[in-house]
Amino acid sequence: DQMSDSVETKATRSRRKSSVFAWGLLSIVIVGFLIEIGHSHVAQVDDSFISYRYARNLVDGKGLVFNESERVEGITNLGWTLLIAASMALGIAPETTGIILGVASSVVVLLLTFLLAREGLDQRRHSLAVAAPILVVASVSFAHWSLSGMETTFFTALVCAACYAQVRARPALMTALLSAATLTRPDAGLLAASLYLFHLIQHWRHDRRQALLWPATYAAAIAALTVFRLVYYGDPVPNTFYAKVGGIPLAFGVRYAWGFYSLGPIFLMIPALLWSVRDKRARPLLLYICLTTFYILYVRGDIYRGHRFLLHILPLVAATGVWGLGRSLEVRPHLGVAMLFIVIFSALAAVYGPFGPVSCLFFGAALVIWLVGFESRKPLMPALGIPILLAAFIGYAFAVNPFHGESIERQLRKTPRSDRNDAAVKWNQFNLDVARRQLRRIAQAEPPPRLIAIIAIGRIGYYSNLPLLDLVGLTNKEV
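Only a predicted model underlies this, so the values are computations on that prediction, with no experimental measurement involved.

Asks: I tried to follow the overall build of the protein chain on my own but got confused; where do I start?
Replies: From N to C terminus, the protein chain includes 21 helices and two strands. Taking the contacts inside the protein chain whose residues are at least 6 apart along the sequence as the reference set, 73% of them involve residues at least 24 apart. For the protein chain, the accessible surface area stands at approximately 23,200 Å², while carbon and sulfur atoms represent 65% of it.

Asks: Explain a nonpolar patch on the surface here, please?
Replies: Residues Val-237, Phe-241, Tyr-242 and Tyr-298 make up a contiguous nonpolar surface patch of about 390 Å² in total accessible area. On the secondary structure map, Phe-241 appears in helix α11 (residues 239–244). In this structure Phe-241 comes out as partly exposed when scored by relative accessible area, which is 35%.

Asks: Quick question: what am I supposed to make of the nonpolar core here?
Replies: Across soluble globular proteins, nonpolar side chains show a tendency to be buried alongside one another. Counting residues in each nonpolar core, the largest one holds 95 residues, and the members touching the most others are Leu-116, Leu-178, Leu-191, Ile-289 and Leu-316. In terms of residues, this core owes the most to one element, helix α7 (residues 152–167), which gives twelve residues. Every residue in contact with Leu-178, bar those within four places of it in the chain, is listed here: Ala-162, Leu-191, Ala-192, Leu-195, Tyr-196 and Tyr-218. Counting residues in hydrophobic clusters, the runner-up holds 18 residues, among them Ile-50, Leu-78, Ile-452 and Ile-457.

Asks: Would you explain the packing of helix α9 (residues 189–203) against helix α10 (residues 208–232) in this entry?
Replies: For any two helices packed against each other, the geometry comes down to the angle between their axes and how far apart the axes lie. Axis separation between α9 and α10 bottoms out at 8 Å; the angle between their running directions is 170°. By the angle class used here, α9 and α10 are roughly antiparallel. Only Arg-208, Gln-210, Ala-211, Leu-212, Trp-214, Pro-215 and Tyr-218 of α10 make contact with α9, whose side of the interface consists of Gly-189, Ala-192, Tyr-196, His-199, Leu-200 and His-203. Counted by class, the contact of α9 with α10 contains eight nonpolar, four polar and one charged residues.

Asks: Looking at this model, I keep getting lost on empty space enclosed by the protein. Mind explaining?
Replies: If you roll a probe as big as a water molecule over the atoms, it shows you where there is empty space left. Scanning the entire structure with this criterion turns up one cavity of 30 Å³ or more. Lining the largest cavity are Val-45, His-144, Trp-145, Tyr-304, Arg-305, Ala-424, Trp-427 and Asn-428. When residues of the lining of the largest cavity are assigned to their parent elements, the largest contribution, three residues, is made by helix α20 (residues 416–444). Residues that form the lining of the largest cavity fall into these classes: five nonpolar, two polar and one charged.

Asks: Looking at this model, I keep getting lost on the packing of aromatic side chains. Mind explaining?
Replies: Pairs of aromatic rings are described using the distance from one ring centre to the other and the angle between the two planes. This structure, assessed with the given rule, holds 18 aromatic pairs. Centroid distance Tyr-196 to Tyr-218: 5.6 Å. Interplanar angle 45°. Geometry classified as tilted. Of this pair, Tyr-196 sits in helix α9 while Tyr-218 sits in helix α10, and the two are 22 residues apart along the sequence. Each member of the pair, Tyr-196 as well as Tyr-218, is classed as buried. Summarising the aromatic geometry, the rings of Phe-260 and Tyr-261 are spaced 5.2 Å apart at their centres and angled 80° between planes, so their arrangement reads as edge-to-face. Just as Phe-260 is buried, Tyr-261 falls in that class too. One aromatic cluster is present, formed by Phe-49, Tyr-52, Tyr-462 and Tyr-463 through successive ring pairs. Taking NZ or CZ as reference, Arg-71 lies 4.0 Å from the ring centre of Tyr-232, over its face.

Asks: Would you take a moment to explain the pattern of salt bridges for this structure?
Replies: Pairing is possible between side chains that carry opposite charge, provided their charged atoms lie close to one another. In this structure the tally under the stated criterion is eleven salt bridges. With a closest N to O distance of 3.9 Å, Arg-459 and Asp-46 form a salt bridge. Of this pair, Arg-459 sits in helix α21 (residues 458–464) while Asp-46 is found in the loop between α1 (2–38) and α2 (48–59), placing the two residues 413 residues apart along the sequence. Residue class for Arg-459 comes out buried when judged on its relative accessible area of 4%. For Asp-302, the salt bridge is made with Arg-308, and the minimal N-O distance between the two is 2.8 Å. The pair formed by Asp-302 and Arg-308 is uniform in burial state, with each residue classed as buried. Each member of the salt-bridge network shares a partner with another, and the members are Glu-119, Arg-168 and Arg-281.

Asks: For this particular structure, what's the right way to read α2?
Replies: Given 3.6 residues per turn, any residue in an α-helix points the same way as the ones three and four places further on. The end-to-end C-alpha distance of α2, which contains twelve residues, comes to 17 Å, matching closely the 16 Å that a straight helix rising 1.5 Å per residue would cover. Within α2, ten of the twelve residues are buried, which leaves the element mostly enclosed by the surrounding structure. Next to the buried residues of α2 lie α3 (78–89), α4 (94–119), α21 and β2 (468–470). A positive backbone phi angle near 85° is found at Gly-61, which sits one or two residues after α2.

Asks: Which parts of the structure should I look at to understand the side chain of Arg-229?
Replies: Among the structural elements, Arg-229 can be located in helix α10. For Arg-229, a relative accessible area of 5% puts it in the buried group. Polar contacts involving the side chain of Arg-229 include one to the side chain of Glu-73, which spans 2.8 Å. Other than its neighbours up to four places away in sequence, Arg-229 contacts Glu-73, Leu-78, Pro-186, Gly-234, Asp-235, Pro-236, Val-237 and Pro-238.

Asks: Honestly, the state of the cysteines in this entry has me stumped. Any pointers?
Replies: This structure, assessed with the given rule, holds zero disulfides. Here Cys-160 stays unpaired: no disulfide links it, and the sulfur of Cys-163, its closest cysteine neighbor, is 6.6 Å away. Among the residues examined, Cys-160 registers a relative accessible area of 0% and is labelled buried.

Asks: Looking at this model, I keep getting lost on the environment of Leu-121. Mind explaining?
Replies: With respect to the helices and strands, the residue Leu-121 is situated in the loop between α4 and α5 (131–137). Taking the C-alpha atoms as reference points, Leu-121 and Val-322, 201 residues apart in sequence, are found 8.4 Å from one another. Those residues in contact with Leu-121 that sit more than four places away from it in its chain are His-126, Leu-128, Ala-129, Val-322, Trp-323 and Gly-326.

Asks: Teacher, can you tell me more about unusual backbone geometry here?
Replies: Glycine aside, residues mostly have negative phi angles, and peptide bonds mostly take the trans form. Look at the link from Glu-446 to Pro-447: it is a cis peptide, with omega at -5°. Turning to its location among the elements, Pro-447 is positioned in the loop between α20 and β1 (452–454). Located in the positive-phi region is Ala-169, a residue other than glycine, with phi close to 60°. Here Ala-169 falls in the exposed class, since its relative accessible area comes to 55%. A positive phi is found at Arg-300, a non-glycine position, where the angle reads about 75°. Within the secondary structure, Arg-300 sits in the loop between α14 (283–299) and α15 (314–331). Here Arg-300 falls in the partly exposed class, since its relative accessible area comes to 23%.

Thresholds applied
Residues take numbers from 1 onward in each chain, read along the sequence in its written order. Only residues with pLDDT of at least 70 get local features here, since the model is predicted, and only at 80 or more are side-chain atom pairs given and counted; chain-wide, interface and lining totals rely on the full set of residues. Only hydrogens and water are removed before side-chain values are computed, so all heavy atoms of the structure are retained for them. Secondary structure elements follow DSSP: runs of H or I of four or more residues count as helices, runs of E of two or more count as strands, with numbering from the N terminus. By definition, residues are in contact when any of their heavy atoms lie within 4.5 Å. Per-residue and other accessible areas follow the Shrake-Rupley method at a 1.4 Å probe size, with only the shown protein chains counted as cover for residues. Like charges within 9 Å and nonpolar side chains (Val, Leu, Ile, Met, Phe, Trp, Tyr) within 5 Å are joined into patches, using only residues over 30% in relative accessible area that form no salt bridge. Here, a salt bridge means any Lys or Arg side-chain nitrogen found within 4 Å of an Asp or Glu carboxyl oxygen. The classification of residues rests on relative accessible area computed with a 1.4 Å probe and restricted to protein chains. Under 20% of the type maximum is buried, over 50% is exposed, and intermediate values are partly exposed. Think of a nonpolar core as a cluster: buried Ala, Val, Leu, Ile, Met, Phe, Trp, Tyr and Cys residues, connected wherever their side-chain atoms sit within 4.5 Å. Lines fitted to C-alpha atoms define the axes, with helix axes restricted to the stretch in contact, and inter-axis angles between N-to-C directions lie between 0 and 180 degrees. Roughly parallel covers angles under 35 degrees, roughly antiparallel covers those over 145, roughly perpendicular covers 65 to 115, and oblique covers all other angles. The classification used treats Ala, Val, Leu, Ile, Met, Phe, Trp, Tyr, Cys and Pro as nonpolar, Asp, Glu, Lys and Arg as charged, and all other residues, Gly among them, as polar. Detection works on a 1 Å grid of protein atoms alone, calling trapped sets that fit a 1.4 Å probe cavities and calling open sets with protein on both sides within 12 Å along at least five of seven lines pockets, with lining residues defined by an atom within 4 Å of a point. Grid points are joined across faces, edges and corners, and a volume is the space filled by probe spheres set on the points. Side-chain rings of Phe, Tyr and Trp (the six-membered ring for Trp) are treated as a pair once their centres are within 6.5 Å; stacked means planes under 30 degrees apart, edge-to-face means over 60, and tilted covers the remaining angles. The criterion is that NZ of a Lys, or CZ of an Arg, lies within 6 Å of the ring centre and within 35 degrees of the ring normal, and then a charge sits over that ring. A helix is expected to span 1.5 Å multiplied by its residue count minus one. Contacts described as polar in this section are N or O atom pairs within 3.5 Å, which, within protein, must combine one atom able to donate a hydrogen with one able to accept it, while residues neighboring in sequence count only if both atoms come from side chains. Two cysteine sulfurs form what is called a disulfide whenever their separation falls within 2.5 Å.

So this is what it looks like as structure tokens:
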């Protein structure tokens, strides 16, 4: 008995050390993320100011409208707009609230991604769960949308929280989070469909009342929201749906989805599908990932850089990918090593691009090391084969992306990830500069304009406070 107690004590200590180590790594990841965005100078996107104008009009007693007396729901983030309005009622500037909520939501996303990944890992391998938030942070889109003033990371946090509640079998909390997510963005209905489908399958035979209770509660909440939209705006869905969906070639949606998946997630789907599909808790997450992808192909993506309409599934892809890595290590260690290579390659693909020299160099070398080192019993083969392969990939790296006299360290720092970030920052700054020039012209116009017809309505509408005719039709039912 003393021996078994001693063994159990050692095991408990080992698990505690592993847990402390994992939380320490997570803290480093979060601090690194905050340092990175602290040095970023990203102008808030123009669309964020559409929500700010709706919020200000609500606080000023003009109603939840863009133009006074014109009831058109030209926003797709009603819940986010209401939060902005609440902060404005407290005297906080909406630009400040947008940044604070965006960054705080991003930290919550990293925490929930870690917790989700940990759910599918053995206690001895909890430190592996840190790989999931690292994969999220590696995406330049995540940092960019954290500072955008949009609801993107807030919505992502709600999605992750609802999935975590589902994995932990907390249907009441899951229903509350799904309702909040759908209030924030209507496409959360896809998540509700995925989670409730498996909820019904799980409980239908044993307790039909329990199976129907929470889906019915969610349906009642959405019905109330739809009634409000019909009464207040005259439409069951936001006007932005009618303005944006339809008439765009399918190729735009394919390009949008491929741009997102090629930067890491497509490789993570290998371990996710290989093992996670065998775990019932992972199936609704994988279904939601697939449904969201098909939905993006249907609506043809988005005009903004950074794949914001797919960003909310990135933590789920990362968590299930790491989940699959852990399962592989348990069942077949050599296959687990291959999955580890794939997870690392996914992070490199986010930074250097999927076909960048550094990514190809790592993936090729890792693949050969695995194939030769694990499958061959002749030690001379890896000794000869690996250096030859490394030399081939180094030659490829120099041929495709020559250094032109620059140091390797500079090449490693100036990555496709940083180039994408610079492009997004410059684009937002360009739009900001254009809006400033337009606002100066409006202020100097004689006589003052009574109506402005324009495409980018966000900043102009918020700062001029004049009636606008939206030429894209987001806030206008006739255009």
